[in-house]
Amino acid sequence: MESGIRVLHVLGRLDRGGAETMVMNLYRHMDRRRIQFDFVIHTEDVCDYTREVQELGGRIYSMAPFGVSTAGHYRRDWRNFFCAHPEYRMIHGHMRSTASLYLAEAKRAGLVTIVHSHNTSSGHGVTALVKNVLQYPLRWQADYLFACSKGAGIWLYGRRACDSARFRLLYNGITAVDFRFDPAMRQAKRRELLGDTAQDCPVFLHIGRLEPQKNHTFLLRIMQELAVRRPAARLWLCGCGPLDAALKRQAQESGLAGRVCFLGVRTDIPGLMQAADMVLFPSLFEGLPVTLVEAQAAGLPVLMSDTVTPEAALTDLVRTLPLSEPPARWAETALQMLSDGDGACAAETGKTAGTERAAYAALVARGGYDAAENAARLARFYEDALRQADGKDDRKNSGKSRSGGT
């Protein structure tokens, strides 16, 4: 169905990452008679969400990846894109590292520009330094500055910009009802992945790309300590990435074969959330992870690092530890949380208090993390921003007319 406004979203890929999942959650709930999402991605691969985007009426364009030596070509490609697609009046950029380049070309073409911060660090090394240099101008370059959390906004734009009228918080909304605790689903998923002989073992879950930011090496060291204390414990790792082979090798060499299950990219995240007993999340840095919103909606206790933004603690299910604490301390804290039945669930045995655990889905939704409400709010923002831009153009043209301009 053709819409009144087509908004161009910019991402690296359309896989099941945090930013991509957040955008898709909004897209599914968007009134597509008013707003349609289209995408520029930096790959020609068929991605996890490619088919769904196309079924929802979205268009997908491929852009050649950025390279320091090809920066001029990158800007030229964007300039040519806007010349070929004058139908776009608004761009929403989630790929911050090169946003200063493509937003400059978007503004030249007269588009309303939005940049969106989903993180609180660029990592380390030369690549991170280049990213930091490229993204610094965004704080004054974009028309609107979005962030998934205040911390993510301050990191990318600075505190002064976040206090301005150009700044907007857009929470990582989910369809909370999909994660509402269901004892039958829990039993079925545990039987599928654990068999009939391991129903009572404590299961720890982590969802995230297998890359340095997520700190899987430390996570496997925590699992070593858990295995000493609770030999039946299991760790489920969902995701793929460049560290896949190295992490599987570490698990094997650490004696964790059979205790750590690499599940790859999954489409049954709600079911895994039902079946697990706790989420472990020792990331080096984060904006506000969608995974932690989903976990709390499912009533799962969460043990996360203090380098994750505190805004991720939406409920009493979350506890934090510094990464300076040894893996043994993490393991002891995790097991203590389970034995105490922190929040909703005495998860160690899998015999959860279903009615209590189920209540968290509504609690998370009421806290501003309902995807449908956020989609409606975003649609109004898009429409209002374009009306304001049209009003400025009308006033500018009127001024030229009065002064004899053309």
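That block above? That's the structure.
Note that this is a predicted model, so its numbers are computed, not measured.

Procedures and definitions
- Residues numbered from 1 in each chain as written.
- Predicted model: local features only at pLDDT ≥ 70, side-chain atom pairs only at ≥ 80, totals over all residues.
- Heavy atoms only, no water.
- Buried < 20%, exposed > 50% of the residue type's maximum accessible area, 1.4 Å probe, protein only.
- Helix = DSSP H or I, 4+ residues; strand = E, 2+ residues; numbered from the N terminus.
- Pairing = 2+ DSSP bridges.
- 1 Å grid on protein atoms, 1.4 Å probe; cavity = no way out; pocket = protein on both sides within 12 Å on 5 of 7 lines; lining within 4 Å.
- Points joined across faces, edges and corners; volume = space filled by probe spheres on them.
- Nonpolar A, V, L, I, M, F, W, Y, C, P; charged D, E, K, R; others polar.
- Polar contact = N/O pair within 3.5 Å; in protein donor to acceptor, adjacent residues only side chain to side chain.
- Contact = heavy atoms within 4.5 Å.
- Axes fitted to C-alpha atoms, helices over the stretch in contact; angles between N-to-C directions.
- Salt bridge = Lys/Arg side-chain N within 4 Å of Asp/Glu carboxyl O.

Student: Help me out: how do you make sense of the pairing of strand 9 (residues 234–238) in this one?
Tutor: Residues in a regular strand point their side chains to alternate faces of the sheet. For strand 9, the tally of buried residues reaches four of five residues, placing the bulk of the element in the interior. Here five bridges tie strand 8 (residues 203–207) to strand 9, and the two strands are oriented parallel to one another. Residue pairing in the sheet places His206 in a bridge with Leu237 of strand 9. By the bridge criterion, four bridges tie strand 9 to strand 10 (residues 260–264) in an arrangement that is parallel.

Student: Whenever I open this one, the layout of surface pockets confuses me. Can you help?
Tutor: Empty space among the atoms becomes visible once a probe the size of a water molecule is rolled across them. Volume-wise, the second largest pocket comes out at about 370 Å³. In terms of lining residues, the second largest pocket is bounded by 15 residues, among which Leu111, Val112, Asp143, Ala389 and Lys392 are the most central. Sort the elements by how many residues they give to the lining of the second largest pocket and helix 16 (residues 371–402) lands first, with eight residues. The class makeup of the residues in the lining of the second largest pocket is six nonpolar, two polar and seven charged.

Student: Would you explain the side chain of Ser117 in this entry?
Tutor: Along the chain, the position of Ser117 falls in strand 5 (residues 112–117). Here Ser117 falls in the buried class, since its relative accessible area comes to 0%. In terms of polar contacts, Ser117 uses its side chain to reach the backbone carbonyl oxygen of Asn119, at 3.4 Å. Residues in contact with Ser117, not counting those within four places in the same chain, are Phe146, Ala147, Cys148, Ala152, Gly153, Trp155, Leu156 and Tyr157.

Student: Please explain the sheet that holds strand 12 (residues 302–305) as it appears in this structure.
Tutor: Two pairing modes exist for strands in a sheet, parallel and antiparallel, and in both the strands are linked by backbone hydrogen bonds. Strands sit in the order 10-9-8-11-12-13 across an open sheet of six strands; the sheet is parallel. If you trace the sheet from one side to the other, it starts and ends with strand 10 and strand 13 (318–321), each paired once. Geometrically, the sheet is characterised by an average inter-axis angle of 25 degrees between neighbouring strands, direction not taken into account. Where strand 11 (residues 278–281) and strand 12 come together, three bridges link them in parallel fashion.

Student: Whenever I open this one, the environment of Glu332 confuses me. Can you help?
Tutor: Position of Glu332 relative to the elements: it lies in helix 14 (residues 327–340). Residue Glu332 is classed as partly exposed on the basis of its relative accessible area, which comes to 39%. With 233 residues separating them along the chain, Glu332 and Ala99 place their C-alpha atoms 43 Å apart. At 3.3 Å, the side chain of Glu332 and the side chain of Arg229 are in polar contact.

Student: What is the right way to read the sheet that holds strand 7 (residues 167–169) from this model?
Tutor: Ordered by their spatial adjacency, seven strands build an open sheet running 3-2-1-4-5-6-7, and the pairing between neighbours is parallel. Taken across any chain shown, the strands that pair with only one partner, and hence form the sheet edges, are strand 3 (60–62) and strand 7. Within the sheet, the average angular offset between the axes of one strand and its neighbour, ignoring direction, is 25 degrees. Across the sheet, helix 1 (residues 18–29) lies against strand 1 (5–10), strand 2 (35–41) and strand 5, angled at about 155 degrees from strand 2, the strand it touches most.

Student: It is not clear to me how the environment of Lys107 should be interpreted in this structure. Could you clarify?
Tutor: Mapped onto the secondary structure, Lys107 falls in helix 4 (residues 99–108). With 18 residues separating them along the chain, Lys107 and Arg89 place their C-alpha atoms 9.7 Å apart. With residues near it in sequence (within four places) discarded, Lys107 still touches Thr113, Gln141 and Asp143. Here the side chain of Lys107 touches Asp143 through a polar contact of 2.9 Å, side chain to side chain.

Student: What is the right way to read the pattern of salt bridges from this model?
Tutor: Between side chains of opposite charge, a pair can form as their charged atoms come close. In the structure shown here, the tally under the stated rule is 25 salt bridges. A salt bridge links Arg13 to Asp45; the nearest nitrogen and oxygen atoms lie 3.0 Å apart. One end of the pair, Arg13, is in the loop between strand 1 and helix 1; the other, Asp45, is in the loop between strand 2 and helix 2 (50–55), with 32 residues separating them in the sequence. Judged by relative accessible area, which is 42%, Asp45 ranks as partly exposed. Close ionic contact of Asp384 with Arg387 constitutes a salt bridge, the shortest N to O distance being 2.3 Å. Taken together, the residues span about one helical turn, with Asp384 and Arg387 both in helix 16 at a distance of three residues. On the basis of relative accessibility, which here comes to 35%, the residue Asp384 falls in the partly exposed class. Residue Arg387 is classed as exposed on the basis of its relative accessible area, which comes to 53%. Overlapping salt bridges, with partners in common, bring together Arg75, Arg79, Glu105 and Arg108 in one network.

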